[in-house]
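# A structural walkthrough
Chain by chain, the residues run as shown.
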Amino acid sequence: METEMIIYVDVDEQGNVTYSQGGTNPKLEREYMYVFIRDQVTLDNIRKFKIVLNGFTPNLVLKDGEVLEEVINTPEPTE
């Protein structure tokens, strides 16, 4: 099972993500407009999404032409 990530976002007038913060237990630095619970891939690619309102419900929608990329965290080499 994938770890759930809490993702906080602010958007511009077109719904594009302008600021974001997220993680398994993020310590907020300020207030945000929206919050979502998604996976790590979504968090890593959050700028490729925009917010679309369906009535009063916000949805994260992948922007046209964008492709999700899985970010692999490679540990730093040790000596």
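So, a few notes on the structure that sits alongside this text. Going along each chain's sequence as written, the residues are numbered from 1 onward. Confidence filtering applies because this is a predicted model: local features only for residues at pLDDT of at least 70, side-chain atom pairs given and counted only at 80 or more, and all residues used for totals across whole chains, interfaces and linings. Only hydrogens and water are removed before side-chain values are computed, so all heavy atoms of the structure are retained for them.

## Description of the overall build of the chain
Only runs of H or I of at least four residues qualify as helices and only runs of E of at least two qualify as strands under DSSP, and these elements are numbered from the N terminus. Helix and strand content of the chain: one helix and five strands. Listing each helix as α and each strand as β along the chain from the N terminus yields β-β-β-α-β-β. Summary of the burial criterion: residues with accessible area below 20% of their type's maximum are buried, those above 50% are exposed, and those between are partly exposed, where the area comes from a 1.4 Å probe applied to protein chains only. Burial status across the chain gives 28% buried among its 79 residues. Restricting to contacts in the chain with at least 6 residues of sequence separation, those with at least 24 account for 40%. The contact criterion used is simple: two residues touch if any of their non-hydrogen atoms lie within 4.5 Å.

## Notes on the environment of E31
When you line up the elements, E31 lands in the loop between β2 (17-23) and β3 (34-38). Along the primary structure E31 and V9 are separated by 22 residues, whereas in three dimensions their C-alpha atoms are 9.2 Å apart.

## Side note on the side chain of N45
Within the secondary structure, N45 is located in the loop between α1 (40-44) and β4 (49-54). A relative accessible area of 5% places N45 in the buried class. Beyond its immediate sequence surroundings of up to four residues, N45 is in contact with V67, L68 and E69.

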